[in-house]
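Each chain is listed here by its residues.
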Amino acid sequence: PVDKGPGDPVYAGTVSGYGALTIRVTDPPTDSALARIVRLVEQAQAQKAPSQRFVDRFARVYTPAVLAVAAGIAVIPPLVTGAAAIPWIYRALVLLVIACPCALVISTPVAIVSALARAAREGVLIKGGTYLEAAGRLNAVAFDKTGTLTVGRPVVTDVIALNGHSEGQVLAKAAALERNSEHPLAQAVVREARHRGIVPAPAADFQALPGRGARGRVNGETLMIGNRALLGDCAPIPEATEDALLRLEQEGKTVFLLGRCRDAGDELPSELFGAIAVADQLRPESRQAIRALRQAGIAHIVLLTGDNPSTAKAIGRAVGADQVRANLLPAAKVQAIEGLLADYGAVGMVGDGVNDAPALARSTVGIAMGAAGTDAALETADIALMGDDLTKVPVTLRLSRRAQGVIRQNIGLSLAIKAAFVLLAVLGIATLWGAVFADMGTSLIVTLNGMRLARLGQGQSSAVQASNQAGAGHHCRPPER
């Protein structure tokens, strides 16, 4: 929430928490903040080139080359040397069988789909093998703050009672005023009072004071709640309390003062009742997730937020981020991601809001909070954490690297066996049955090796389904007559 006054810009789609606004339109709909966000997403996605797999490039050259070599073996020796044609045709058939790229082609998709099935069981939805592979190459990760590292729901963290009042009395009087306000921070005070079993009294003559707080009459008293500018003049703050308030603000918390400012005709003097600190709480797993990312080899972790610098720095210190950048609009977040891409090569972005969508699109891999995330973030991101569990980010990175290792094993094994039997076929040592055994045996080996990623046992059905899907798309087919 941002307080607005005369002359301030207001974005299209802004929700007014209270009061009425008279607004003058200054830009056409095509230049609204939402329209600019859409354009940023489109531009960022256009810059992300599709990954071209090694196997696809290799197969485009490999298959025609094998057919040409087999044709040469069947035709050239009989024509040049006058040797019997049948033995050379047999060698060519053996070469074709053993050189069939079944194992090579299936080695990648069976591992990818098995890894995707494993990720799904962990509550992570990955939108394709390209993003699974890219996640393992990340060197830096950027996090949004509100709703990502934090819960996104402000709560009361501290209550300071002054001048003989108890914490319960301070909360009761504050909730009596704030129950009339729609401001999220005010609602945090009301929730805390209800949590403690406090039933706030009704307030009369309630008045919201934009940018400062609110006032009203509770049980005959004129009460005010808000910032220092509202109560500092009429109710002096004790020096010890001032030090406590500064400490709370340095921790990134928003502090309300509650008191009574004497109006004309009031018998009671001005008095400060206490202070209430409100903050958005860290997700319980945030610190653990960032520690696990460092253990996974991530070199740089940065916090990108539109929040104020003091709150951002406090959250950054709490989670152990290497860098904190605050007061960022969507375009500035994209620029920050581009800077990280220039410095670290491959960058992941974790976010949940509409404002994060352009940065999610521009990053190497965009990761959205699946439950708390907005539709725009989920649509733009490459990976969704369906349980909003940040510890699944390092889990996904490790799964990606393990999948890449299995893919390299499968490709290396396929090429090595193929190369050995191709040589034996050319020399006339390999038989047709041996070629069939080697071809099918290699296909089975790489399939079973890839299915290890899905961990047979707990997720046997998912792994089998993954191998079936991979095999259905890439299988050996006899030549048409």
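Presented here is an overview of the structure given in this document. Note that this is a predicted model, so its numbers are computed, not measured.

Some remarks on the nonpolar core
Here comes step 1: Counting 39 residues, the largest nonpolar core has F143, L149, L293 and L390 as the members making the most contacts within it.
Here comes step 2: Per element, the largest residue contribution to this core is seven residues, and it comes from helix α16 (residues 392–426).
Here comes step 3: Every residue in contact with F143, bar those within four places of it in the chain, is listed here: T148, L149, I290, L293, I301, V302, L303, L304, M349, V350 and L390.
Here comes step 4: Core analysis: the next-biggest nonpolar cluster, separate from the first, contains 22 residues, V170, A174, A176 and I225 among them.

As for the sheet that holds strand β1 (residues 124–126)
Here comes step 1: The strand order across the open sheet built from seven strands is β1-β13-β12-β11-β2-β9-β10, with neighbouring strands paired in mixed fashion. The sheet is open, and its two edges are formed by β1 and β10 (323–325), each paired on a single side. Along the sheet, successive strands turn relative to each other by an average axial angle of 20 degrees, direction set aside.
Here comes step 2: Here helix α13 (residues 330–344) sits on the sheet in contact with β2 (140–144), β9 (300–304), β10 and β11 (347–351), set at roughly 170 degrees to β9.

Structural notes on a nonpolar patch on the surface
Here comes step 1: A contiguous nonpolar surface patch, about 450 Å² in accessible area, is contributed by L67, I86, I89, L93 and L96.
Here comes step 2: Position of L67 among the secondary structure elements: in helix α2 (residues 54–81).

Observations concerning the packing of aromatic side chains
Here comes step 1: The final tally for this structure, using the stated rule, is zero aromatic pairs.
Here comes step 2: Directly above the ring of F273 sits K173, whose terminal nitrogen or CZ lies 4.1 Å from the centroid.

Structural notes on the pairing of strand β7 (residues 254–260)
Here comes step 1: Where burial is concerned, most of β7 is hidden: six out of the seven residues are buried.
Here comes step 2: With four bridges connecting them, strand β6 (residues 221–226) and β7 associate as antiparallel partners. Across the sheet, residue M224 finds its bridge partner in β7, namely G259.
Here comes step 3: Of the strand pairs in this sheet, β7 and strand β8 (residues 271–282) are connected by seven bridges, and their pairing is antiparallel. When the bridges of β8 are listed, F256 appears paired with I276.

Considerations on the sheet that holds β6
Here comes step 1: If you walk across this open sheet you meet the six strands as β3-β8-β7-β6-β5-β4, and the pairing is antiparallel. At either margin of the open sheet sits one strand with a lone partner, and together these are β3 (150–161) and β4 (203–209). Ignoring strand direction, the axes of neighbouring strands in this sheet form an average angle of 20 degrees.
Here comes step 2: Bridging between β4 and strand β5 (residues 213–218) involves five bridges; their strand directions are antiparallel. Note that in β5 the partner of A208 across the bridge is A214.
Here comes step 3: Seen against the sheet, helix α7 (residues 167–178) touches β3, β4, β5, β6, β7 and β8 and runs at an angle of roughly 90 degrees to β6.

A few points about helix α8 (residues 184–195)
Here comes step 1: Relative to the 16 Å expected for 12 residues at 1.5 Å per residue, α8 spans 16 Å between its end C-alpha atoms, a close match to the ideal helical length.
Here comes step 2: Where α8 is buried, its residues contact β3, α7, β7 and β8.
Here comes step 3: Just beyond α8, the residue with positive phi is G197, at close to 80 degrees.

A few points about the packing of α7 against α8
Here comes step 1: Contact geometry of α7 with α8 gives a least axis separation of 9 Å together with a crossing angle of 130 degrees. In terms of their interaxial angle, α7 and α8 are classed as oblique. Crossing of α7 against α8: the hand is left-handed. Along the contact surface, α7 presents L171, A174, A175 and E178, while α8 presents A186, Q187, V189, V190, E192 and A193.
Here comes step 2: Looking at side-chain class alone, the contact of α7 with α8 contains seven nonpolar, one polar and two charged residues.

Describing the packing of helix α4 (residues 102–121) against helix α17 (residues 432–451)
Here comes step 1: Relative to each other, α4 and α17 sit at 15 degrees, their axes nearing to 8 Å. When the axis of α4 is compared with that of α17, the two are roughly parallel. Crossing of α4 over α17 shows right-handed handedness. When α4 is examined against α17, the residues C102, A103, I106, S107, V110, A111 and S114 are found in contact with a partner set consisting of D439, T442, S443, V446, T447, G450 and M451.
Here comes step 2: A per-class count over the contact of α4 with α17 returns seven nonpolar, six polar and one charged.

Describing the side chain of K253
Here comes step 1: Locating K253 in the fold gives a position in the loop between α10 (239–250) and β7.
Here comes step 2: With relative accessibility at 18%, the residue K253 sits in the buried group.
Here comes step 3: At 2.7 Å, the side chain of K253 and the side chain of D158 are in polar contact.
Here comes step 4: A polar contact is formed between the side chain of K253 and the side chain of E251, at a distance of 3.0 Å.

Re the pattern of salt bridges
Here comes step 1: Counted according to the given criterion, the structure contains 14 salt bridges.
Here comes step 2: The salt bridge involving E122 is made with R118; its shortest N-O contact spans 2.8 Å.
Here comes step 3: We classify E122 as partly exposed; its relative accessible area is 23%.
Here comes step 4: You can call R118 buried: its relative accessible area is 10%.
Here comes step 5: Put simply, E192 and R196 hold a salt bridge, and the shortest N to O gap is 2.9 Å.
Here comes step 6: The exposure class of E192 is buried, given its relative accessible area of 16%.
Here comes step 7: Judged by relative accessible area, R196 falls into the partly exposed class, the value being 39%.

Describing unusual backbone geometry
With the exception of glycine, the majority of residues adopt a negative phi angle, and the majority of peptide bonds are in the trans configuration.
Here comes step 1: A positive phi angle is found at N163, which is not glycine, with a value near 55 degrees.
Here comes step 2: On the secondary structure map, N163 appears in the loop between β3 and α7.
Here comes step 3: The backbone phi angle of D388 is positive, close to 55 degrees, even though this residue is not glycine.

Some details on the environment of Q323
Here comes step 1: Within the secondary structure, Q323 sits in strand β10.
Here comes step 2: Taking the relative accessible area as the measure of exposure, Q323 reaches 31% and is therefore partly exposed.
Here comes step 3: When the C-alpha atoms of Q323 and H300 are compared, they prove to be 8.1 Å apart, with 23 residues separating the residues in sequence.

The rules behind these values
Residues numbered from 1 in each chain as written. Predicted model: local features only at pLDDT ≥ 70, side-chain atom pairs only at ≥ 80, totals over all residues. Heavy atoms only, no water. Core = buried A, V, L, I, M, F, W, Y, C linked by side-chain atoms within 4.5 Å. Buried < 20%, exposed > 50% of the residue type's maximum accessible area, 1.4 Å probe, protein only. Helix = DSSP H or I, 4+ residues; strand = E, 2+ residues; numbered from the N terminus. Contact = heavy atoms within 4.5 Å. Pairing = 2+ DSSP bridges. Axes fitted to C-alpha atoms, helices over the stretch in contact; angles between N-to-C directions. Patch = residues over 30% accessible without salt bridge, like charges linked within 9 Å, V, L, I, M, F, W, Y side chains within 5 Å. Areas by Shrake-Rupley, 256 points an atom, 1.4 Å probe, with all protein chains shown as cover. Salt bridge = Lys/Arg side-chain N within 4 Å of Asp/Glu carboxyl O. Phe/Tyr/Trp six-rings, centres within 6.5 Å; stacked < 30°, edge-to-face > 60°. Lys NZ or Arg CZ within 6 Å of the ring centre and 35° of its normal. Expected span 1.5 Å × (residues − 1). Parallel < 35°, antiparallel > 145°, perpendicular 65-115°, else oblique. Left-handed = near helix turned anticlockwise from the far one by under 90°. Nonpolar A, V, L, I, M, F, W, Y, C, P; charged D, E, K, R; others polar. Polar contact = N/O pair within 3.5 Å; in protein donor to acceptor, adjacent residues only side chain to side chain.

Function cannot be read off these values alone, since they describe shape.
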